[in-house]
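So you can see what is in the structure, the chains are spelled out below.
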Amino acid sequence: MPRLTSKASRIRTHVRIRRKVVGTSERPRLAVNFSGQHIRAQVIDDSTGRTLVSVFTTEKSLSGSKLRPNIKGAEEIGKLVAERAKAKNISQVVFDRGGFTYHGKIKALADAARQTGLQF
């Protein structure tokens, strides 16, 4: 069997995680994705298939902030997604790390969301 690329390995891990992590209306899923230049965080209700809250670094409101996909940017996105979720009366979520290792940027985003008031 040929060796997997790091992206293919992450996708396989993500598929395995998604079998177990499911968002409900009482406890939606906080999905995180990092690309080379951007960060995406969404709170999703999988039972209805709707995105309840989202934060993207490509938003017009964040265009002047020059957020990068690093630890500092992840902390800002974590705070923003938690504030927007609290505004929609969402206090508990299930964390979906998207196949990424729970370290560095992923951990920074999760910790910032917890400090702002989301419960995992």
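Residues numbered from 1 in each chain as written. Predicted model: local features only at pLDDT ≥ 70, side-chain atom pairs only at ≥ 80, totals over all residues. Heavy atoms only, no water.

## With respect to the overall build of the protein chain
If you tally the helices and strands in the protein chain, you get three helices and four strands. Taken over C-alpha atoms, the radius of gyration comes to 14 Å for the protein chain, in line with the 14 Å a tight globule of 120 residues would show. Its C-alpha atoms put the protein chain at 50 × 35 × 25 Å along the principal axes. Residue burial in the protein chain is summarised as follows: out of 120 residues, 38% are buried. Taking all contacts inside the protein chain whose residues are at least 6 apart in sequence as the whole, residues at least 24 apart take part in 61%. Total accessible area on the protein chain stands at roughly 7400 Å², and carbon and sulfur atoms take up 49% of it. Treating the 24 positive side-chain charges of the protein chain as one cloud and the 9 negative ones as another, the clouds have centres 8 Å apart. (Helix = DSSP H or I, 4+ residues; strand = E, 2+ residues; numbered from the N terminus. Rg over C-alpha atoms; globule rule 2.2 N^0.38 Å. Buried < 20%, exposed > 50% of the residue type's maximum accessible area, 1.4 Å probe, protein only. Contact = heavy atoms within 4.5 Å. Areas by Shrake-Rupley, 256 points an atom, 1.4 Å probe, with all protein chains shown as cover. Lys, Arg positive; Asp, Glu negative; His and termini not counted. Charge placed at Lys NZ, Arg CZ, Asp CG, Glu CD.)

## Focus: unusual backbone geometry
Backbone geometry places Lys66, a non-glycine residue, at a positive phi of 55°. For Asn89, which is not glycine, the phi torsion reads 60° and is therefore positive. If you trace the backbone, Asn89 turns up in the loop between α2 (71–87) and β4 (94–96).

## Quick word on the packing of aromatic side chains
Under the criterion given, the structure shown has three aromatic pairs. Taken together, a centroid distance of 6.1 Å and an interplanar angle of 85° make the contact between Phe34 and Phe100 edge-to-face. Taken together, the residues Phe34 in strand β1 (residues 29–34) and Phe100 in the loop between β4 and α3 (105–116) connect sequence positions 66 residues apart. For the pair shown, Phe34 and Phe100 are each scored as buried. Geometrically, the ring pair formed by Phe95 and Tyr102 is edge-to-face, given 6.2 Å between the ring centres and 85° between the ring planes. Judged by relative accessible area, Phe95 falls into the buried class, the value being 16%. Classification of Tyr102 by relative accessible area gives partly exposed; the value is 34%. Joined through ring pairs, the aromatic side chains of Phe95, Tyr102 and Phe120 make up one cluster. (Phe/Tyr/Trp six-rings, centres within 6.5 Å; stacked < 30°, edge-to-face > 60°.)

Taken by themselves, the reported measurements are silent on function.
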